Amino acid sequence: MLNAAEPAPHHVVDVAELQRLSLLAQLGVLDTDPEPAFDALTHAAAVLTDCPIALISLVDGERQWFKARVGMDATQTPREWSFCSVAIRSPDLLEVRDAKADPRFADNPLVTGTPGVRFYAGQPLTVDGVRIGTLCVIDTRARELDRRGREALQDLGVAAAAMLSERRHRVASSEQQQRLTEFAMVAGDWLWETDTEHRIVWMSPAYANRPVPPEPWVLGQQMADGPVVDVPTTVPSAPATLHGLFEQRLGFARALVRSDAGATTRYLSHSAVCRLDSAGRWNGYRGITHDMSERVAAEQTHRQAAALLADLSAQVPGVIYQCRLEPNGSFNVPYVSERIRAVCELSVDEVKADAKSAAQRCHPQDRERVLSSMLLSASNLAPWCETFRAVLPSGGERMLCGNAEPKRLDDGAVLWHGLLTDVTEQVKAAAQLQALTLAQAGAERAAQVRSEFMSRVSHELRTPLNAILGFAQLLRLNGVAQRAEDTLAWAAHIETAGEHLLSLVNDMLDLSSLNAGRLKLQLEPVAVLPLVQHVLALLAPVAREAGVTLQMHADAALPTILADARAVKQVLFNLLGNAIKFTRAASVVSVHLRCAPQAKQLTLSVTDAGPGIDAAHLASLFEPFKRLQSGSAAPAGTGLGLSISHKLVAAMGGTIDVVSEPGRGTTFTVHWLVDGRPATLPAANGAELGAPPVLATRLLGADTVLYIEDDAVNVILMQALFETFATQPPSLLIATDGGDGLRQAMRHRPNLIMLDMNLPDMSGLTVLSRLRADPRTASIPVIAVSADALPEQVRLAREAGCVDYWTKPVVFKRIGAELARRFPAAA
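Just so it is clear, the model here is predicted, and its values are computed rather than measured.

**Student:** I'd like to hear about the pairing of strand β5 (residues 119-127), residue by residue, with values.
**Tutor:** Counting buried positions over the nine residues of β5 gives eight, a clear majority of the element. Sheet analysis places strand β4 (residues 94-96) next to β5, joined by three bridges and oriented antiparallel. Bridge assignment links Leu94 to a residue of β5, and that residue is Gly122. Bridging between β5 and strand β6 (residues 130-139) involves nine bridges; their strand directions are antiparallel. Directly across from Gly122, in β6, lies its bridge partner Cys136. Joining the antiparallel neighbours β5 and β6 is a turn of two residues, in which Asp128 adopts a positive phi near 55°.

**Student:** Pulling in residues and values, what's your account of the packing of aromatic side chains?
**Tutor:** A full pass over the atoms with the stated rule returns eight aromatic pairs. Above the ring of Phe119, the side-chain terminus of Arg143 is found at 5.3 Å from the ring centroid.

**Student:** Give me the environment of Thr387: which residues, what numbers.
**Tutor:** With respect to the secondary-structure elements, Thr387 resides in strand β15 (residues 384-391). Looking at Thr387, the relative accessible area reads 33%, which means it is partly exposed. Spatially, the C-alpha atom of Thr387 lies 9.5 Å from that of Thr421, the residues being 34 residues apart in sequence. Residues within four places of Thr387 in sequence aside, it is in contact with Arg369, Met399, Leu400, Cys401 and Val423.

**Student:** Describe the pattern of salt bridges, with residues and values.
**Tutor:** The final tally for this structure, using the stated rule, is 32 salt bridges. Among the ionic pairs, Arg104 bridges to Asp102, the shortest N-O distance being 2.9 Å. Linking Arg795 and Glu799 is a salt bridge whose minimum nitrogen-to-oxygen distance equals 2.7 Å. Residue Arg795 and its partner Glu799 are located together in helix α22 (residues 791-800), separated by four residues, close to a single helical turn. Looking at Arg795, the relative accessible area reads 37%, which means it is partly exposed. Each of Asp366, Arg369, Glu386 and Arg389 takes part in a single network of salt bridges with overlapping partners.

**Student:** Break down the sheet that holds β5 for me, with residues and values.
**Tutor:** Spatial ordering of the open sheet is given by β3-β2-β1-β6-β5-β4, a layout of six strands whose pairing is antiparallel. Where the open sheet ends on each side, the last strands, each with one partner, are β3 (76-78) and β4. Pairwise comparison of adjacent strand axes, ignoring direction, gives a mean angle of 25° for this sheet. As paired strands, strand β2 (residues 63-70) and β3 are joined by three bridges and run antiparallel to one another. Each residue of the ladder has a partner; that of Arg63, found in β3, is Pro78. Sheet contacts for helix α1 (residues 15-27): β1 (53-59), β5 and β6; angle to β6, the most-contacted strand, approximately 80°. Together, β1, β2 and β6 form the strand contacts of helix α2 (residues 36-49), whose direction differs from that of β2 by roughly 75°.

**Student:** Tell me about the side chain of Ser347, residues and numbers included.
**Tutor:** For Ser347, the position within the fold is in the loop between α9 (340-344) and α10 (348-353). Those residues in contact with Ser347 that lie beyond four places of it in its chain are Ile340 and Arg341.

Rules behind the numbers
- Residues numbered from 1 in each chain as written.
- Predicted model: local features only at pLDDT ≥ 70, side-chain atom pairs only at ≥ 80, totals over all residues.
- Heavy atoms only, no water.
- Buried < 20%, exposed > 50% of the residue type's maximum accessible area, 1.4 Å probe, protein only.
- Helix = DSSP H or I, 4+ residues; strand = E, 2+ residues; numbered from the N terminus.
- Pairing = 2+ DSSP bridges.
- Phe/Tyr/Trp six-rings, centres within 6.5 Å; stacked < 30°, edge-to-face > 60°.
- Lys NZ or Arg CZ within 6 Å of the ring centre and 35° of its normal.
- Contact = heavy atoms within 4.5 Å.
- Salt bridge = Lys/Arg side-chain N within 4 Å of Asp/Glu carboxyl O.
- Axes fitted to C-alpha atoms, helices over the stretch in contact; angles between N-to-C directions.

Here is the structure:
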């Protein structure tokens, strides 16, 4: 075991010894049979030195082996016994006169045992400067060589080394010849030599092994002549035949000759060098021949295919091409059709020589996109399709469309086969078609908008008219028999509906004037704070009735704004009125007036505590007739206030935006342009809470009618109509939105359902489809009662299952006749 303090042993590689053993192996002489020449050398050494034993000893890694021996039966001994292993390290003859007296050999088994060596003389055998063994003589008595014996042993050693060296060159030459022969056989070639008369004096065995020889080559006969179809560039003239080429007495390479000697025409490629005699005179040729018939046939087929492809591609309305992406990221174009000249103003040779020439035709703004799409196609091997602009040297610009299928090759490259077409005219036609399509779509959209607008206008006008005409009919039908308090109530409803109708007409006129640009605004310095206080004071009773508290917060110093005072007041009425309508009872509506120092705008914010508005409705919030709706009831109003406010603010150079979160209220903020002059006034907050009115539902009889209607005045009107209809009218159930109507229909299963088609939570068509889908309500007759009188809406309702469609304002006689027909017992 090694001590930790001791250095670890290491092996030193003896490079010279490795080279010596390698050379010994290359000689191929070890363990070969005896040879007379080597035996004669050892015999001569024994005679000339008068020694009983003579050996040609070759020392390998483990032993010394005797190529020739005299006076010893053994063919080898271990290397560690060998005197020769010491002799090969000596540059000259090693002579040991008495081995017993030499400490290097005194205990050697060959000395202490058989054959009892006392004298040894060994001459190193040097081949190519490397000592591989010795020619040695041995005697069993102590002695020394005389001068003549020593010189004889040295000369015989040189002869033995020369024989070994020649053997090496002979082996190498034989191996080289065998190697060339085998290469020729593998390549399908055959080797030959000719004399000065072009007669074959030698040919390789490969010729005899060919299944189809090119012609009957025979030793001693001339090599068959034939026309040269491809003349080597190394010869000074262009000979017509192979023999003519031979007569030039020059070396040549790859001379293609047509041979008609056999049953079929073949093409042979000849390469040869001149054979020279010892005096340097030309003595014929030594050459190699390769049968090129299959390659020539393939090239002919390829040329025919290329010609056919060129003819076909000339008929294709585009450029046929191959594009190759190399593993190093470079592009090249192996093939491109002639039409590239017409499409890109480039020649085939230009594109094949440099693929960048074609890439430069791509418009600079499109190059990165086209390159990225090609790299993506190369990565996922998906078909490539791209349309891009091409800029031509002639100054024109075209639209080109490229389509190609990628394929990954064995070397990692990607090859596309594709078609590049000029689609300039198609793109122009498509653009024109798109413009026409957009124009048509715009016209259709405008028509749809007009239709929707008319539907909304019709609905909004008919709703108050329904109350006016309805209660008027009640007054006429009941006459003087009607109770005074009912008459006053109905007259109040008529007045309220009339005021609603007037407000609607005024708002529509204002909106029309704003859209047409006819509304003239007088922009002048306006103090906003007094206007806010005035509007708050006017709306305080409305807030108290709704149970809402009004608060105002204003900065201490507020500048005037450039605005129209009447328009500002109308905007304030609309925003604050909406906030009061939507704020829950016992909640607060707050107004904030702010103007930061050095700011160029004054902001007015109105915040309510209502249910909020979801994101889906915010985008259309300022469209006409888009009412703010939440919960189960829709607030009164024309649905035009926000649209008018938005347009008024814009006409005065300001902006209005809205922030809302469902369940947490809404804030409208108006940004006014500042005039610059301060208009500071004290702020005020106000109002007290009040309780909102509650609408009760009356049940009047055994038979049941469900009326789904969100307008409270229309509900009161229908209740009054039922009371005047008969002494025992059907029970009238009231639902103020679609969800409540569906619940009551499932629970009570009425005999008849009267359905408004515009409800706050869902459309009447949705309610109708759910009624028809449930087995409990599928058979209940449904009559539509709606202010939407457009034929399309009527058609949709009837197709969905309505048995009738009553448009507002309703005709009492028609309703009475229908109820009398359905409920005869109550008539």
